[in-house]
Amino acid sequence: MLPDQIQLAPNGPSLSRIVAGTMTWGEWGAKLSTNEMAELIGTCLDNGITTFDHADIYGHYSTESDFGEALAALGSSVRGSLQLVSKCGIRLVTARRPENRVKSYDTSKEYIIKSAERSLSNLRTDYLDVFLIHRPDTLMDPVEVAEAFQELKDSGKVLHFGVSNFTPSQFELLNDHFPLVTNQVECNPLHSDLLFDGTFDQLLRRQLKPMIWSPLGGKRYFNGESTIVLRLRDAVRMIAKKHDTTENVILLAWLLKHPSGMLPVVGTTKAERLVEARAALGVDLDRQDWFVILEAARGAEVA
Amino acid sequence: MLPDQIQLAPNGPSLSRIVAGTMTWGEWGAKLSTNEMAELIGTCLDNGITTFDHADIYGHYSTESDFGEALAALGSSVRGSLQLVSKCGIRLVTARRPENRVKSYDTSKEYIIKSAERSLSNLRTDYLDVFLIHRPDTLMDPVEVAEAFQELKDSGKVLHFGVSNFTPSQFELLNDHFPLVTNQVECNPLHSDLLFDGTFDQLLRRQLKPMIWSPLGGKRYFNGESTIVLRLRDAVRMIAKKHDTTENVILLAWLLKHPSGMLPVVGTTKAERLVEARAALGVDLDRQDWFVILEAARGAEVA
Amino acid sequence: MLPDQIQLAPNGPSLSRIVAGTMTWGEWGAKLSTNEMAELIGTCLDNGITTFDHADIYGHYSTESDFGEALAALGSSVRGSLQLVSKCGIRLVTARRPENRVKSYDTSKEYIIKSAERSLSNLRTDYLDVFLIHRPDTLMDPVEVAEAFQELKDSGKVLHFGVSNFTPSQFELLNDHFPLVTNQVECNPLHSDLLFDGTFDQLLRRQLKPMIWSPLGGKRYFNGESTIVLRLRDAVRMIAKKHDTTENVILLAWLLKHPSGMLPVVGTTKAERLVEARAALGVDLDRQDWFVILEAARGAEVA
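From a predicted model like this one, the values you see are computed outputs, not experimental measurements. Counting from 1, residues in each chain are numbered in the order their sequence is written. Think of it this way: whatever chain is written first is A, whatever ligand is written first is 1, and the rest follow in order. Totals for whole chains, interfaces and linings use all residues, but because this is a predicted model, local features are given only for residues with pLDDT of at least 70 and pairs of side-chain atoms are given and counted only at 80 or more. The side-chain numbers reported here are obtained from all heavy atoms of the structure, hydrogens and water having been left aside.

Observations regarding the overall build of chain A
Filter applied, for reference: Only DSSP runs of H or I reaching four residues or more are called helices, and only runs of E reaching two or more are called strands; each is numbered from the N terminus. For the radius of gyration, the atom set is restricted to C-alpha positions; the globular benchmark scales as 2.2 Å times the number of residues to the power 0.38. Burial status follows relative accessibility: with a 1.4 Å probe on protein chains alone, a residue under 20% of its type maximum counts as buried, one over 50% as exposed, and anything between as partly exposed. Only the protein chains shown count as cover for residues, with accessible areas throughout obtained via the Shrake-Rupley method and a probe of 1.4 Å.
Summing up its helical and strand segments, chain A has 12 helices and 12 strands in all. A compact globule built from 303 residues should have a C-alpha radius of gyration of about 19 Å, and chain A, at 19 Å, falls within 12% of that. Its C-alpha atoms put chain A at 50 × 45 × 40 Å along the principal axes. The proportion of buried residues among the 303 residues of chain A is 60%. Accessible surface computed for chain A: about 11400 Å², of which carbon and sulfur atoms make up 48%.

In structure tokens, the structure reads:
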């Protein structure tokens, strides 16, 4: 049984190994009421899922604030029991941000600081545990980003900093200027290229744990009808049966088996799915079964 | 307004931010007379464009010598007011080099030294400010190249060394053996892959400024009829209108906005175009407009 | 004339520049008898080919043992005159390993140590000169591999360690934890991508020599009928004629010309081919001829 908590980096925060992803809690998905959100937060905490992953843009810039109301409803004592991760840097075109004319990135010092402050205000909290640059900005000036991070750290508004969807080269550039604690990237059997392109090699070398978005493969896995998806689901079901568990658990266990120490960000709003996710910590996949899944998803045996 | 001059590397030379590219000044293009070249050099110098980019092969090994005659006509006092960049390492098949049987690369010590000496003689000068390996040679022995560079430096024939069209890995290999001051690469909205592949990340990390060839996108931009080109030109025109300037200026400003500190090598032989290029130093593109151009050229919004 | 022996790494072993590859000596090819193998080993040694390249899987886990019987027949004094390289980490599905259910990788500490010990027993020897991880294992834990290597080194069972088919990033990850002496990779004119992707740049930077499998291009070169193969063979033949030698020799000389110091692993079981291979040490290809071969194989002149 893997522990419920994991340290993200040598000087990084302890997060729960299974992270609750909030992207679909609000306007972009289940549209949970304040009460429902508060209840879901409680279920997470009761099940060792103490870390909540946000981004300013979720729900077209509305979900952080919905979540903040639920947090407030739970009372101020709850903040110390959980960790909040958020992200900034994407400008979405939406009525809520009339100044945005084109989907684009902004990692200027001013924009990063303003984004963090808005997230704090929306989440009704004094600090973020981890703050990430959401996408690699072609115009990123690492000196400027480092200045923004330092200012947010010095003021106590953010404790740790990282990135999301960065290539190893982009990560290295920013990490030269400010120590990062994670790179949150997409990985699942249907999206496995990062297992081969050096992204995880880099994090392993630096003893940084990756956070993983879309750990189950999303709709493509569950609704896909392609030969590859059908074969993959057969393979996963067979292994799930062997472990007397569900496909979801096996897909998470597949990620947890990787030596980099992945933290899957589970995006469901269903309480039973979150409880189930934690069960993956107890499944140690056999190496050969791991490759059965990889082979099914890639459509070819290894070289 | 960006300064007219920029330091290429921590211990590197100061070059003009806008560089005049000579590839089409001679046989491969406008076939300027000695007088015309002398006049064009004068126009450049009068407009803060003090750096001239050459390669031994331009005009099938003839343009350096044409330019050298123009330099001589301007008198010996002019040399101190300008910087000469040249390149070696490509063997072209041409009647002027009967020993060349196949287009190929040569970065042997002997070939590099001989090439530099020929460039000095053709350009009628005692030294080159910067000397580049034109293309990554699969057979490059970094020890041998470093020996050639050191010999050329010790003799005062070349002040600084760099490369062109190198991948980050090739750059790192040679830079381990001899400190390089730049990597001259192609970049423009229609050729933007290097913005994502680590080339500029590496230069930023090392505080080296890239020189940029084909900064406008060449004929493909100006004569292209594809959907992408038409859309890109619409976007650039719209932004040019907003700044009350030309498409050329906007395309250069797009490069100048990048945090790596790019030096566009402008290849025109028209005096008014060179003067116009300098105007780009005064245009600070809005970040969103920068992404409007990127999106138009790549045919998709950012992720 | 290049020397018969070459040092693989600053603190690495001396191997013969031409290595005999045993993949097809047994069940996967010529099915040589013990006497025939012993004779072929003798021919190699008589011709300066003192290094023999194995992998546990060759002949579905049978060729090491066939070779071991031949070695035993040659008497114990022969061991000091030759070097044995082997590899582990691939699980093949075969009746000889009923525990293997899917072609997969295993680089667990236990599996590596057990594999080395089996290779020693099969080869009837006390030590391996070099032991390689055969393929990059997505689940490789570098700490665990380093522990296995250290234990094998401390016990004197293996003198040096390396990898095969690793990307630069994967190599760097493991090399951080244990000093590697080589990366054995595929390279020939029809498989030349590694000349451009940084694999050899990395080895050059670290002064490690690559071992090269399939140095001639295998059946594709000799039996191929595509335009590219026909053009390549024409080019190679023309150059062979000029040097009064064979296509094989030119193909090997093409690799030996590379500054990284490649050690071709020659896979033939024909004595005359092995003797012939050594002749490549005496052929110093002209740089332009090298590019004639590259251009023919890639179907385009260099940029």
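Comments concerning the pairing of strand 8 (residues 128–133) of chain C
All names here are of chain C. Quick reminder of the rule: A strand pair is defined by DSSP finding two or more bridges across the two strands.
Judged by how many residues are buried, strand 8 sits mostly within the fold: 6 of 6 residues are covered. One ladder, built from 4 bridges, connects strand 5 (residues 83–88) with strand 8; its direction is parallel. Directly across from V85, in strand 8, lies its bridge partner V130. Pairing of strand 8 with strand 9 (residues 158–164) involves 5 bridges; the strand directions are parallel. Bridge assignment links I133 to a residue of strand 9, and that residue is V163.

Digging into the environment of E69 of chain C
Residue and element names in this part refer to chain C. Defined as follows: Contacts were defined at the residue level, with two residues in contact if any of their heavy atoms lie within 4.5 Å.
Within the secondary structure, E69 sits in helix 3 (residues 63–74). Looking at E69, the relative accessible area reads 35%, which means it is partly exposed. As a C-alpha pair, E69 and R124 span 55 residues in sequence and 7.4 Å in three-dimensional space. Other than its neighbours up to four places away in sequence, E69 contacts T34 and R124.

A word on the UniProt feature "domain: NADP-dependent oxidoreductase" (unreviewed entry) in chain A
To keep things clear, this is the line we draw: UniProt positions are given in the numbering used here, feature names are shortened, and annotations may be inferred rather than shown by experiment.
UniProt records the feature "domain: NADP-dependent oxidoreductase" (unreviewed entry) for residues 17–290 of chain A in the present numbering. Secondary structure content for residues 17–290 of chain A is 43% helix and 15% strand, and the end C-alpha separation is 20 Å.

Let's talk about the relation of the copies chain C and chain A
Selection criterion: Here the copies are matched by least squares. The fit uses the C-alpha atoms of residues with pLDDT of at least 70 in both.
The operation relating chain C to chain A is a screw motion whose rotation component is 120°, with 0.0 Å of axial translation and a residual RMSD of 0.0 Å. What the rotation and shift describe, once combined, is the action of a three-fold rotation axis. Relative to the rotation axis, the C-alpha of S169 of chain C is the closest in chain C, positioned 6.6 Å from it.

Examining the packing of helix 1 (residues 34–46) of chain C against helix 11 (residues 271–279) of chain C
Residues and elements named next belong to chain C. What counts is decided by this rule: Only C-alpha atoms enter the line fits that serve as axes; for helices the fit covers just the stretch in contact. Angles between N-to-C directions range over 0 to 180 degrees. Note on angle classes: values under 35 degrees are labelled roughly parallel, values over 145 roughly antiparallel, values of 65 to 115 roughly perpendicular, and the remainder oblique. Rotating anticlockwise by less than a right angle from the far helix to the near helix defines a left-handed crossing, while the corresponding clockwise rotation defines a right-handed one. Polarity classes work like this: nonpolar for Ala, Val, Leu, Ile, Met, Phe, Trp, Tyr, Cys and Pro, charged for Asp, Glu, Lys and Arg, and polar for all others, with Gly in that last group.
Between helix 1 and helix 11, the least distance of the axes is 10 Å, while the angle of their chain directions is 15°. By the angle between their directions, the pair helix 1 and helix 11 is classed as roughly parallel. As helix 1 runs across helix 11, the sense of the crossing is right-handed. Residues L40, T43, C44 and D46 of helix 1 lie in contact with helix 11, whose contacting residues are A271, L274, V275 and R278. Grouping the amino acids of the contact of helix 1 with helix 11 by side-chain chemistry returns 5 nonpolar, 1 polar and 2 charged.

With respect to the interface of chain C and chain A
Filter applied, for reference: Values labelled buried area give the accessible surface lost by two parts on being combined, using a 1.4 Å probe and summing over both. Think of a salt bridge as a Lys or Arg side-chain nitrogen and an Asp or Glu carboxyl oxygen that are within 4 Å of each other. For this analysis, a polar contact is any N or O atom pair within 3.5 Å, provided that within protein one partner can donate a hydrogen and the other can accept it, and provided that sequence-adjacent residues contribute only side-chain to side-chain pairs.
Taken together, the 25 residues of chain C in the interface contact 22 residues of chain A. For the pairing of chain C and chain A, the buried interface totals around 2100 Å² over both sides, and the portion due to carbon and sulfur atoms is 54%. Considering only the side of chain C, the residues that lose the most area to chain A are K103, T138 and L139 of chain C, jointly responsible for 34% of the buried surface there. Applying the counting criterion to the chain C and chain A interface returns 5 salt bridges. Note that D137 of chain C is salt-bridged to R287 of chain A, the shortest N-O span being 3.3 Å. Counting across the interface, chain C meets chain A through 12 residue pairs in polar contact (both at pLDDT 80 or more).

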